[in-house]
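Residues per chain are reported as follows:
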Amino acid sequence: MTIKNLLYSHFIESHFPSLPRLLGKYNSLLEDFIGLFAFPSRDKPELDCLNISVTNTCNANCIFCANRYLKDKREIMSFDLFKKTLDEYLELGGKKEIGLTPTLGDVFVDPGIDKKLDYLKSKEVHCSFYTNALRLDGHIDKIIESTVDHIFIDLADLDTKYDSLVYGISKEASIKRKQTILKFLEKVSSEKANIKVTLSFRPMRKPYEIINDMKKTPLWGYYKKGVFDMNFLQVYDNWGGMIKESDLKGIQTLKRPPKIKRGPCNALYTLSVQPNGDVRLCGCRCLNTLKDELVIGNLNKSSLKEIVSSRKWKKIIRDFRYSPPRVCDNCSFYRAK
């Protein structure tokens, strides 16, 4: 177990919750220290990581998320574009492991996600993603037989009142979600599926309260059997300033943004393909729109090879110290390369 895993283990979070909360809020101080010694990067960007955002549409309205501020047209990636993206990525020697987590949205809003998972399997490409599990039911068998390696299931609480409040969903939807999660874990357990499952809580209450409630449910048995692990997010990103402390509830708080950003962010070395074909640096955060200065091309107009080889990607990284993209100005998700 790494030090980080230990510090954020459920034992620490249940017995000493203030420790991971404090570390999460102020770990940007480390980024500031690293930033003192960072210089404009001369690294040549290389395509070694790819995220395909199959949709920018979500079926929740989480208080900690900037989804409600997105000005872009809501879209779902066509299968043809998905196939083109994956094929060209593999032709360039990309790793057979991709991410499917949308920057804003949920994978299961895409009605064609099962067909896309089938295509990944046909190419022996593995994937991982986050989901709120509100539409997980109906896809469980497909996930079990797919090449999904790791699925992160986001929820707020086991208590329906808090869960529905944080996620902006009805209590009925919250209840159904818990039932679906239990159904999924039973399937993973009975099939001995080789899928890592993480319940990622975004709670208002303290972690130990949720863990104590979990011990009274079948979930605890699955946890003790190692069917899933869990974490608790107490500190949240500001999405470039769109999310305020007043948006959050209970124990939730905002992360302190790094103050020193001399070197490019690590996220600028990753590519994220949007539902409309835009190839964008950083699949993590945006500011009101995904159609910004981090877009370096579009797969409906150019090949992935042409886009990766373009000067625009190199220029953004090279000029970061003196002319950082506006979306990066106040981003608390910055991580020095």
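Look above for the structure.
Residues numbered from 1 in each chain as written. Predicted model: local features only at pLDDT ≥ 70, side-chain atom pairs only at ≥ 80, totals over all residues. Heavy atoms only, no water.

A. Broad picture of the pattern of salt bridges. Scanning the entire structure with this criterion turns up 19 salt bridges. A salt bridge links Asp-319 to Arg-318, with the nearest nitrogen and oxygen atoms 3.3 Å apart. Residue Arg-318 is classed as partly exposed on the basis of its relative accessible area of 47%. Salt bridges sharing common partners tie together Asp-118, Lys-142 and Glu-145. (Salt bridge = Lys/Arg side-chain N within 4 Å of Asp/Glu carboxyl O. Buried < 20%, exposed > 50% of the residue type's maximum accessible area, 1.4 Å probe, protein only.)

B. Inspection of the environment of Glu-97 at higher detail. Within the secondary structure layout, Glu-97 lies in strand E2 (residues 97-99). With relative accessibility at 34%, the residue Glu-97 sits in the partly exposed group. Here the alpha-carbon distance between Glu-97 and Leu-120, two residues 23 residues apart in the chain, equals 9.5 Å. Filtering out sequence-adjacent residues up to four positions away, Glu-97 remains in contact with Tyr-89, Val-125, His-126, Cys-127, Ser-128 and Asp-149. (Helix = DSSP H or I, 4+ residues; strand = E, 2+ residues; numbered from the N terminus. Contact = heavy atoms within 4.5 Å.)

C. Geometry of the packing of aromatic side chains. On inspection of all chains with the given rule, the structure shows nine aromatic pairs. On the numbers, 5.0 Å between centres and 10 degrees between planes, the contact of Phe-201 with Phe-232 is stacked. In this pair, Phe-201 is assigned in strand E5 (residues 196-201) and Phe-232 in strand E6 (residues 229-232), connecting sequence segments 31 residues apart. Note on Phe-232: relative accessible area 5%, which makes it buried. Taken together through their ring pairs, the aromatic side chains of Phe-64, Tyr-167 and Tyr-236 make up a single cluster. We note Arg-285 situated over the ring of Trp-239; from NZ or CZ to the ring centre the distance is 4.4 Å. In this arrangement the basic side chain of Arg-285 is found over the ring face of Phe-333, its NZ or CZ atom lying 4.2 Å from the centre. (Phe/Tyr/Trp six-rings, centres within 6.5 Å; stacked < 30°, edge-to-face > 60°. Lys NZ or Arg CZ within 6 Å of the ring centre and 35° of its normal.)

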